[in-house]
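Coordinate inspection notes
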Amino acid sequence: QSVLTQPPSVSAAPGQKVTISCSGSSSNIGNNVVSWYQQLPGTAPKLLIYDNDKRPSEIPDRFSGSKSGTSATLAITGLQTGDEADYYCGTWDSSLSAVFGGGTKLSVL
Amino acid sequence: QLQLRESGPGLVKPSDTLSLTCIVSGGSMSRSFYYWGWIRQSPGKGLEWIGSSSSTGSAYYKPSLVNRVSISVDTSSNQFSLRLTSVTATDTAVYYCARLDGLFPPDSWGQGTLVIVSS
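Residues numbered from 1 in each chain as written. Chains lettered and ligands numbered in written order. Predicted model: local features only at pLDDT ≥ 70, side-chain atom pairs only at ≥ 80, totals over all residues. Heavy atoms only, no water.

A few points about the pattern of salt bridges
So the rule is basically this: Salt bridges are counted wherever a side-chain nitrogen of Lys or Arg sits within 4 Å of a carboxyl oxygen of Asp or Glu. Think of it this way: any DSSP run of H or I at least four residues long counts as a helix, any run of E at least two long counts as a strand, and we number them from the N terminus. Relative accessible area decides the class of each residue, using a 1.4 Å probe on protein chains only: under 20% of the type maximum gives buried, over 50% gives exposed, and in between gives partly exposed.
Taken as a whole, this structure holds 7 salt bridges over all chains when the rule is applied. Of the charged contacts in the structure, one is a salt bridge between Asp83(A) and Arg62(A), with a shortest N-O distance of 2.9 Å. Linking Asp83(A) in the loop between strand S6 (71–76) and strand S7 (85–93) with Arg62(A) in the loop between strand S4 (46–49) and strand S5 (63–68), this pair joins segments that are 21 residues apart in sequence. Judged by relative accessible area, Arg62(A) falls into the buried class, the value being 16%. The partner of Lys62(B) in a salt bridge is Glu48(B), with the nearest N and O atoms 2.7 Å apart. Of this pair, Lys62(B) sits in the loop between strand S6 (59–61) and strand S7 (69–74) while Glu48(B) sits in strand S5 (residues 47–54); the two residues are 14 residues apart in sequence, bridging distant segments of the chain. Among the charged side chains, a network of salt bridges with common partners joins Arg40(B), Glu48(B), Lys62(B), Arg68(B) and Asp91(B).

Here it is as structure tokens:
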């Protein structure tokens, strides 16, 4: 049971937009910044979003993040088949540890 | 470009100690702002943060693992290590080493190494 809650799976057609939610509490998301990771099959996770809504320079602007209260959202526009991956949210927690969501599998139909 | 690479045994016996090393290249480990950590992923499961430590020895560990885990950083050798004692089959996972931007998030990851706990 993960501390942060994500939907197990989402799907959308190529070119469409999809959003992935991440729900936490005042102990974590409510008082800390959120980051998002993309894990392509058989590879290590890659940082997509940090500080709620910032992108590393190599990440295309099709990926965006937002946070409101104790929840965060990752949005992906202009979906491509290469975006099929597992996506994880993560943040720091008041227990002085980092926590991740259970992950969301994105299917591009 | 910072690169991290995990090394260590792929098979560990139950009740033994799991020891892994992460070799860092392409950058210095000396900046105390960064933390150096370990994250694991059990087969078919999600990410689990194990712990992280700065070069000055400030360390944080997952509460449920704190009695079994330690992370040490050796800036002179550009590497850091994970030690997990009294392992069981539930410790079977791909173990990733990572650099963390402050306490969080991990911004550079190793490729991961599979460790199986089995007799």
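Some remarks on the environment of Glu6(B)
All names here are of chain B. Our working definition: Here, residues are in contact when the closest pair of their heavy atoms is within 4.5 Å. Here a polar contact means two N or O atoms within 3.5 Å. Within protein one must be a hydrogen donor candidate and the other an acceptor candidate, and residues neighboring in sequence count only if both atoms are side-chain atoms.
Tracing the backbone shows Glu-6 in strand S1 (residues 3–7). For Glu-6, a relative accessible area of 7% corresponds to the buried category. Along the backbone, Glu-6 and Gly-110 are 104 residues apart, and their C-alpha atoms lie at a distance of 6.5 Å. Setting aside residues up to four positions removed in sequence, Glu-6 forms contacts with Thr-21, Cys-22, Trp-38, Tyr-95, Tyr-96, Cys-97, Gly-110, Gln-111, Gly-112 and Thr-113. A polar contact is formed between the side chain of Glu-6 and the backbone nitrogen of Gln-111, at a distance of 3.4 Å. Of note is the side chain of Glu-6, whose polar atom sits 2.9 Å from the backbone nitrogen of Gly-112.

Things to note about the nonpolar core
Spelled out, the test is: Nonpolar cores are built from buried Ala, Val, Leu, Ile, Met, Phe, Trp, Tyr and Cys residues. Side-chain atoms within 4.5 Å join them into one set.
Leu4(B), Leu18(B), Trp36(B), Trp38(B), Phe80(B), Leu82(B) and Tyr95(B) are the most contacted members of the largest nonpolar core, which totals 25 residues. Among the secondary structure elements, those contributing two or more residues to this core are strand S3 (18–25), strand S4 (35–41), S7, strand S8 (79–84), strand S9 (93–100) and strand S11 (113–117) of chain B. The contacts of Leu18(B), once residues within four sequence positions are left out, are Val12(B), Leu82(B), Arg83(B), Leu84(B), Val87(B), Tyr95(B) and Val115(B). Listed in part, the 23 residues of the second largest apolar core include Leu4(A), Val10(A), Ala85(A) and Val99(A).

Quick word on the pairing of S7(A)
Here is the key point about a regular strand: its side chains alternate between the two faces of the sheet. Residues and elements named next belong to chain A. Stated formally: One bridge is not enough; two strands pair if DSSP finds at least two bridges between them.
Counting buried positions over the 9 residues of S7 gives 8, a clear majority of the element. Judged from the 6 bridges that link them, strand S3 (residues 34–39) and S7 form a sheet pairing that is antiparallel. Looking at the pairing, Gln-39 lines up with Asp-86 of S7. Sheet topology note: the S7/strand S9 (residues 104–108) ladder contains 3 bridges and is antiparallel. Bridge assignment links Tyr-87 to a residue of S9, and that residue is Thr-104. Here S7 hands over to strand S8 (residues 97–100) after 3 residues, with Leu-96 in that stretch at a positive phi of 60°.

A look at the environment of Leu84(B)
Residue and element names in this part refer to chain B. Within the secondary structure layout, Leu-84 lies in strand S8. Sequence separation between Leu-84 and Asn-67 is 17 residues, and the spatial gap between their C-alpha atoms is 9.1 Å. In this view, Leu-84 contacts Asp-16, Thr-17, Leu-18, Arg-40, Arg-68, Val-69, Asp-91 and Tyr-95; residues no more than four positions away in its chain are not counted.

A few points about the pairing of S11(B)
Residue and element names in this part refer to chain B. Residues of S11 alternate between two faces, with Thr-113, Val-115 and Val-117 buried on one and Leu-114 and Ile-116 left unburied on the opposite face. Sheet topology note: the strand S2 (residues 11–12)/S11 ladder contains 2 bridges and is parallel. Across the sheet, residue Leu-11 finds its bridge partner in S11, namely Ile-116.

Things to note about the interface of chain A and chain B
This is how it is decided: Reported buried area values correspond to the accessible surface (1.4 Å probe) lost by two parts on association, with both partners' losses combined.
Taken together, the 18 residues of chain A in the interface contact 20 residues of chain B. Buried area between chain A and chain B, summed over both chains or domains, comes out near 1,500 Å², and the portion from carbon and sulfur atoms is 73%. Summed over the three residues of chain A that lose the most area to chain B, namely Pro45(A), Trp92(A) and Phe100(A), the buried surface amounts to 36% of that side. Taken together, the connections running from chain A to chain B amount to 0 salt bridges. Linking chain A with chain B are 4 residue pairs in polar contact (both at pLDDT 80 or more), by the criterion used here. Looking at the side of chain A that touches chain B, the elements that each hand over two or more residues are S3, S7 and S8 of chain A.

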